[in-house]
Amino acid sequence: MTVRKNQSQLTADEKRRFVDALLALKRDGRYDSFVSTHNDFIMSDTDNGERVGHRSPSFLPWHRRFLIQFEQALQSVDASVALPYWDWTVDRTPAASLWAPDFLGGTGRSRDSQVTDGPFASAGNGWRINVRVDGRDFLRRSLGAGVRQLPTKAEVDSVLAMSTYDMPPWNSASDGFRNHLEGWRGVNLHNRVHVWVGGHMATGASPNDPVFWLHHAYVDKLWTQWQSRHPGSPYLPASGTRDVVDLNDTMRPWGDVTPADMLDHTRYYTYDVAA
Ligand SMILES: [Cu+2]
(Lines give C-alpha, C1' and ligand atoms only; values in the text may rest on other atoms or scores of the structure.)
Protein backbone atom coordinates (compact mmCIF):
# COMPACT_ATOMS: atom_id res chain seq x y z
CA MET A 1 0.00 0.00 0.00
CA THR A 2 1.41 3.35 -1.05
CA VAL A 3 1.08 6.07 1.59
CA ARG A 4 2.25 9.53 0.61
CA LYS A 5 3.68 11.40 3.58
CA ASN A 6 4.42 15.02 4.35
CA GLN A 7 8.09 15.45 3.40
CA SER A 8 8.79 17.11 6.77
CA GLN A 9 7.90 13.81 8.47
CA LEU A 10 10.25 11.56 6.48
CA THR A 11 13.00 9.70 8.33
CA ALA A 12 16.61 9.99 7.18
CA ASP A 13 16.28 6.52 5.67
CA GLU A 14 13.10 7.44 3.76
CA LYS A 15 14.77 10.56 2.35
CA ARG A 16 17.80 8.55 1.27
CA ARG A 17 15.69 5.89 -0.42
CA PHE A 18 13.62 8.49 -2.29
CA VAL A 19 16.75 10.31 -3.48
CA ASP A 20 18.45 7.05 -4.49
CA ALA A 21 15.41 6.00 -6.53
CA LEU A 22 15.39 9.39 -8.31
CA LEU A 23 19.08 9.01 -9.14
CA ALA A 24 18.50 5.48 -10.46
CA LEU A 25 15.74 6.68 -12.84
CA LYS A 26 18.00 9.52 -13.93
CA ARG A 27 20.81 7.08 -14.76
CA ASP A 28 18.64 4.75 -16.84
CA GLY A 29 16.96 7.59 -18.80
CA ARG A 30 13.44 7.09 -17.50
CA TYR A 31 13.56 10.32 -15.50
CA ASP A 32 14.25 12.46 -18.56
CA SER A 33 11.38 10.90 -20.48
CA PHE A 34 9.02 12.28 -17.82
CA VAL A 35 10.62 15.72 -18.20
CA SER A 36 10.14 15.54 -21.98
CA THR A 37 6.49 14.53 -21.70
CA HIS A 38 5.71 17.43 -19.38
CA ASN A 39 7.57 19.92 -21.56
CA ASP A 40 5.78 18.70 -24.71
CA PHE A 41 2.39 19.29 -23.09
CA ILE A 42 3.33 22.73 -21.76
CA MET A 43 4.26 23.66 -25.33
CA SER A 44 1.08 22.30 -26.94
CA ASP A 45 -1.57 23.21 -24.31
CA THR A 46 -3.15 26.50 -25.41
CA ASP A 47 -6.17 28.49 -24.28
CA ASN A 48 -7.93 28.31 -27.64
CA GLY A 49 -6.65 24.98 -28.94
CA GLU A 50 -6.44 21.46 -27.64
CA ARG A 51 -5.45 21.50 -23.99
CA VAL A 52 -4.85 18.49 -21.79
CA GLY A 53 -2.15 18.92 -19.16
CA HIS A 54 -2.56 22.60 -18.30
CA ARG A 55 -4.97 25.55 -18.66
CA SER A 56 -7.90 23.14 -18.65
CA PRO A 57 -10.14 20.99 -16.45
CA SER A 58 -7.92 17.92 -16.96
CA PHE A 59 -4.97 19.70 -15.30
CA LEU A 60 -5.75 17.74 -12.12
CA PRO A 61 -6.47 14.24 -13.53
CA TRP A 62 -3.61 14.58 -16.06
CA HIS A 63 -1.08 15.33 -13.33
CA ARG A 64 -2.57 12.63 -11.09
CA ARG A 65 -1.92 10.05 -13.81
CA PHE A 66 1.52 11.51 -14.49
CA LEU A 67 2.47 11.24 -10.80
CA ILE A 68 1.11 7.68 -10.49
CA GLN A 69 3.23 6.60 -13.44
CA PHE A 70 6.30 8.28 -11.97
CA GLU A 71 5.65 6.81 -8.52
CA GLN A 72 5.39 3.34 -10.07
CA ALA A 73 8.73 3.91 -11.81
CA LEU A 74 10.29 4.84 -8.45
CA GLN A 75 8.76 1.72 -6.92
CA SER A 76 10.27 -0.45 -9.64
CA VAL A 77 13.63 0.67 -8.18
CA ASP A 78 12.62 0.51 -4.50
CA ALA A 79 9.18 -0.83 -3.59
CA SER A 80 9.18 1.04 -0.25
CA VAL A 81 9.22 4.49 -1.87
CA ALA A 82 6.16 6.75 -2.19
CA LEU A 83 6.00 10.34 -3.41
CA PRO A 84 6.26 12.76 -0.48
CA TYR A 85 4.25 15.99 -0.57
CA TRP A 86 5.41 19.51 0.24
CA ASP A 87 2.90 21.60 2.20
CA TRP A 88 4.21 25.00 1.15
CA THR A 89 1.74 26.79 3.46
CA VAL A 90 3.82 25.46 6.39
CA ASP A 91 7.36 24.90 5.05
CA ARG A 92 7.53 28.31 3.44
CA THR A 93 11.11 29.52 3.67
CA PRO A 94 14.47 28.51 2.14
CA ALA A 95 15.45 27.39 5.68
CA ALA A 96 12.96 24.47 5.60
CA SER A 97 14.52 21.00 5.90
CA LEU A 98 13.24 20.26 2.37
CA TRP A 99 16.15 22.35 1.04
CA ALA A 100 18.89 20.75 3.15
CA PRO A 101 21.83 18.91 1.56
CA ASP A 102 20.51 15.52 2.76
CA PHE A 103 17.34 15.97 0.69
CA LEU A 104 16.81 18.32 -2.27
CA GLY A 105 19.69 20.74 -1.69
CA GLY A 106 19.31 24.50 -1.45
CA THR A 107 18.79 27.56 -3.59
CA GLY A 108 21.11 28.35 -6.48
CA ARG A 109 24.13 30.60 -6.19
CA SER A 110 23.54 34.23 -7.12
CA ARG A 111 25.78 34.33 -10.19
CA ASP A 112 23.90 31.76 -12.31
CA SER A 113 21.27 30.14 -10.03
CA GLN A 114 23.24 26.89 -10.10
CA VAL A 115 22.31 24.48 -7.29
CA THR A 116 25.64 23.64 -5.66
CA ASP A 117 24.75 21.38 -2.75
CA GLY A 118 22.80 18.19 -2.20
CA PRO A 119 22.24 15.19 -4.49
CA PHE A 120 21.11 17.25 -7.50
CA ALA A 121 24.06 19.66 -7.68
CA SER A 122 25.98 19.51 -10.94
CA ALA A 123 29.17 18.38 -9.22
CA GLY A 124 29.98 14.88 -10.45
CA ASN A 125 27.30 15.20 -13.12
CA GLY A 126 24.89 12.77 -11.45
CA TRP A 127 22.12 15.24 -12.30
CA ARG A 128 22.96 16.57 -15.74
CA ILE A 129 20.06 18.49 -17.31
CA ASN A 130 19.35 16.87 -20.67
CA VAL A 131 15.89 18.25 -21.48
CA ARG A 132 17.00 21.87 -21.65
CA VAL A 133 15.43 25.25 -22.09
CA ASP A 134 18.83 26.69 -23.01
CA GLY A 135 22.46 25.53 -23.26
CA ARG A 136 23.04 25.14 -19.52
CA ASP A 137 23.20 21.56 -18.22
CA PHE A 138 23.00 22.26 -14.45
CA LEU A 139 19.94 22.46 -12.21
CA ARG A 140 18.89 26.02 -11.40
CA ARG A 141 16.82 27.47 -8.52
CA SER A 142 16.24 30.94 -7.06
CA LEU A 143 14.05 30.42 -4.01
CA GLY A 144 11.85 33.43 -3.32
CA ALA A 145 13.35 35.59 -6.07
CA GLY A 146 10.57 35.55 -8.70
CA VAL A 147 7.80 36.05 -6.14
CA ARG A 148 8.41 36.78 -2.46
CA GLN A 149 5.69 34.79 -0.69
CA LEU A 150 4.35 31.27 -1.04
CA PRO A 151 0.56 30.90 -0.76
CA THR A 152 -0.86 30.94 2.76
CA LYS A 153 -3.24 28.54 4.47
CA ALA A 154 -5.97 31.22 4.31
CA GLU A 155 -5.49 31.51 0.55
CA VAL A 156 -5.69 27.73 0.15
CA ASP A 157 -8.87 27.66 2.25
CA SER A 158 -10.45 30.36 0.09
CA VAL A 159 -9.90 28.19 -3.00
CA LEU A 160 -11.06 24.96 -1.32
CA ALA A 161 -14.32 26.78 -0.50
CA MET A 162 -15.20 27.16 -4.21
CA SER A 163 -17.99 24.70 -4.95
CA THR A 164 -17.80 24.48 -8.77
CA TYR A 165 -14.98 22.41 -10.25
CA ASP A 166 -14.58 24.35 -13.49
CA MET A 167 -16.61 26.34 -16.00
CA PRO A 168 -16.55 27.79 -19.53
CA PRO A 169 -14.39 28.82 -21.27
CA TRP A 170 -12.51 25.85 -19.69
CA ASN A 171 -9.12 27.54 -19.93
CA SER A 172 -6.91 29.98 -18.03
CA ALA A 173 -9.74 32.53 -17.92
CA SER A 174 -12.21 30.24 -16.14
CA ASP A 175 -13.68 30.86 -12.73
CA GLY A 176 -13.96 27.91 -10.33
CA PHE A 177 -11.82 25.61 -8.20
CA ARG A 178 -9.52 24.13 -10.86
CA ASN A 179 -8.35 27.42 -12.33
CA HIS A 180 -7.85 29.10 -8.96
CA LEU A 181 -5.84 26.08 -7.79
CA GLU A 182 -3.85 25.95 -11.04
CA GLY A 183 -3.27 29.65 -10.51
CA TRP A 184 -4.21 31.61 -13.61
CA ARG A 185 -6.82 33.54 -11.62
CA GLY A 186 -7.24 34.95 -8.14
CA VAL A 187 -4.77 34.22 -5.34
CA ASN A 188 -2.70 31.92 -7.60
CA LEU A 189 -1.68 28.74 -5.81
CA HIS A 190 0.09 26.17 -8.08
CA ASN A 191 1.69 28.52 -10.62
CA ARG A 192 3.00 30.81 -7.89
CA VAL A 193 4.89 27.94 -6.23
CA HIS A 194 6.65 27.16 -9.53
CA VAL A 195 7.73 30.81 -9.76
CA TRP A 196 8.78 30.97 -6.09
CA VAL A 197 11.17 28.03 -6.60
CA GLY A 198 12.37 29.62 -9.84
CA GLY A 199 15.05 28.28 -12.18
CA HIS A 200 13.85 25.16 -13.98
CA MET A 201 10.65 25.06 -11.93
CA ALA A 202 9.55 28.26 -13.68
CA THR A 203 9.83 26.59 -17.11
CA GLY A 204 8.08 23.83 -19.05
CA ALA A 205 10.98 21.55 -18.13
CA SER A 206 10.03 21.95 -14.45
CA PRO A 207 10.28 18.22 -13.59
CA ASN A 208 14.07 18.59 -13.96
CA ASP A 209 13.84 19.83 -10.37
CA PRO A 210 12.72 16.91 -8.16
CA VAL A 211 10.68 19.32 -6.03
CA PHE A 212 8.19 19.26 -8.93
CA TRP A 213 6.92 15.87 -7.68
CA LEU A 214 6.52 17.05 -4.08
CA HIS A 215 4.74 20.21 -5.19
CA HIS A 216 2.34 18.34 -7.46
CA ALA A 217 1.69 15.70 -4.80
CA TYR A 218 0.47 18.52 -2.56
CA VAL A 219 -1.67 20.00 -5.36
CA ASP A 220 -3.12 16.50 -5.82
CA LYS A 221 -3.80 16.24 -2.09
CA LEU A 222 -5.65 19.59 -2.22
CA TRP A 223 -7.87 18.10 -4.94
CA THR A 224 -8.73 15.18 -2.61
CA GLN A 225 -9.56 17.67 0.16
CA TRP A 226 -11.80 19.64 -2.19
CA GLN A 227 -13.57 16.43 -3.23
CA SER A 228 -14.37 15.52 0.38
CA ARG A 229 -15.54 19.09 1.10
CA HIS A 230 -17.85 19.13 -1.94
CA PRO A 231 -19.14 15.57 -2.42
CA GLY A 232 -21.96 16.77 -4.67
CA SER A 233 -19.66 18.67 -7.06
CA PRO A 234 -18.63 16.61 -10.08
CA TYR A 235 -15.73 16.88 -12.50
CA LEU A 236 -16.76 19.18 -15.33
CA PRO A 237 -17.26 19.29 -18.29
CA ALA A 238 -19.42 16.17 -18.44
CA SER A 239 -19.58 16.03 -22.26
CA GLY A 240 -19.87 17.94 -25.49
CA THR A 241 -16.87 20.27 -25.52
CA ARG A 242 -14.21 20.70 -28.19
CA ASP A 243 -10.48 20.80 -27.44
CA VAL A 244 -11.16 20.02 -23.77
CA VAL A 245 -11.13 16.64 -21.98
CA ASP A 246 -14.67 15.74 -20.88
CA LEU A 247 -15.31 13.35 -18.00
CA ASN A 248 -15.18 10.20 -20.14
CA ASP A 249 -12.71 11.32 -22.83
CA THR A 250 -9.32 9.67 -22.90
CA MET A 251 -6.30 11.79 -22.08
CA ARG A 252 -3.21 12.01 -24.23
CA PRO A 253 -0.51 10.72 -24.15
CA TRP A 254 -1.93 7.59 -22.56
CA GLY A 255 -5.10 6.83 -24.47
CA ASP A 256 -6.32 4.40 -21.81
CA VAL A 257 -7.29 6.75 -18.98
CA THR A 258 -10.11 9.28 -18.54
CA PRO A 259 -10.75 11.90 -15.85
CA ALA A 260 -13.47 9.56 -14.53
CA ASP A 261 -10.79 6.91 -13.96
CA MET A 262 -8.76 9.35 -11.87
CA LEU A 263 -11.47 10.57 -9.50
CA ASP A 264 -10.77 7.99 -6.78
CA HIS A 265 -7.09 8.16 -5.84
CA THR A 266 -7.46 5.55 -3.07
CA ARG A 267 -7.23 2.78 -5.67
CA TYR A 268 -3.59 3.79 -6.10
CA TYR A 269 -2.39 5.49 -2.88
CA THR A 270 -3.53 7.33 0.20
CA TYR A 271 -2.28 10.38 2.08
CA ASP A 272 -0.98 10.18 5.64
CA VAL A 273 -3.44 12.88 6.74
CA ALA A 274 -6.83 12.89 5.00
CA ALA A 275 -7.70 16.56 5.45
CU1 LIG B 1 3.04 22.33 -11.87
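Everything below is about the structure shown above.
Here's what I pulled together on the structure shown here. (Residues numbered from 1 in each chain as written. Predicted model: local features only at pLDDT ≥ 70, side-chain atom pairs only at ≥ 80, totals over all residues. Heavy atoms only, no water.)

Most of helix 6 (residues 190-197) is tucked away, with seven of its eight residues classed as buried. Buried-residue contacts for helix 6 involve helix 3 (59-77), helix 4 (153-160), helix 5 (177-182) and helix 7 (211-229). With its phi angle positive at about 70°, G198 sits one or two positions after the end of helix 6. (Buried < 20%, exposed > 50% of the residue type's maximum accessible area, 1.4 Å probe, protein only. Helix = DSSP H or I, 4+ residues; strand = E, 2+ residues; numbered from the N terminus. Contact = heavy atoms within 4.5 Å.)

Relative orientation of the contacting elements helix 6 and helix 7 amounts to 160°, with a least axis distance of 11 Å. Considered as vectors, helix 6 and helix 7 are oriented roughly antiparallel to each other. Classified by chirality, the crossing of helix 7 by helix 6 is right-handed. Judged by residue contacts, H190, V193, H194 and V197 of helix 6 engage V211, F212, H215, H216 and V219 from helix 7. In the contact of helix 6 with helix 7, the residues fall into five nonpolar, four polar and no charged. (Axes fitted to C-alpha atoms, helices over the stretch in contact; angles between N-to-C directions. Parallel < 35°, antiparallel > 145°, perpendicular 65-115°, else oblique. Left-handed = near helix turned anticlockwise from the far one by under 90°. Nonpolar A, V, L, I, M, F, W, Y, C, P; charged D, E, K, R; others polar.)

As a further point, take the coordination of the copper ion. Summarising the metal site, the copper ion is bound by the protein donors H190 (NE2), H194 (NE2) and H216 (NE2), whose distances to it range over 1.9 to 2.0 Å. Donor residues for the copper ion sit on one chain with the sequence pattern H-x3-H-x21-H. Here H194 and H190 lie together in helix 6, a separation of four residues that amounts to about one turn. H194 shares its class with H190; the two are buried. (Donors = N, O, S within 2.8 Å, 3.2 Å for Na, K, Ca; no water.)

Looking now at helix 2 (residues 30-44). Helix length check: helix 2, at 15 residues, gives a terminal C-alpha distance of 22 Å against a target of 21 Å (1.5 Å per residue), a fit within 8%. Taken together, the buried positions of helix 2 are Y31, D32, F34, V35, H38, N39 and F41. Buried residues belonging to helix 2 abut helix 1 (12-27), helix 3 and helix 7. (Expected span 1.5 Å × (residues − 1).)

By the definition in use, this model includes 27 aromatic pairs. With a centroid separation of 6.3 Å and 80° between ring planes, the pair formed by Y31 and W213 is classed as edge-to-face. On the criterion of sequence distance, the pair formed by Y31 in helix 2 and W213 in helix 7 is long-range, its members being 182 residues apart. Both residues of the pair, Y31 and W213, belong to the buried class. Ring plane angle 15° and centroid distance 6.1 Å describe the contact between Y85 and Y218, whose orientation is recorded as stacked. Here Y85, found in the loop between helix 3 and helix 4, pairs with Y218, found in helix 7; they are 133 residues apart in sequence, far enough to count as distant. Looking at Y85, the relative accessible area reads 4%, which means it is buried. A relative accessible area of 5% means that Y218 is categorised as buried. An aromatic cluster is defined as three or more aromatic residues linked by ring pairs; in this entry it consists of Y31, F34, F41, W62, F66, F70, F120, W127, F212, W213 and W254. Over the ring of W184 we find R55; its NZ or CZ atom is 4.2 Å from the centre of that ring. (Phe/Tyr/Trp six-rings, centres within 6.5 Å; stacked < 30°, edge-to-face > 60°. Lys NZ or Arg CZ within 6 Å of the ring centre and 35° of its normal.)

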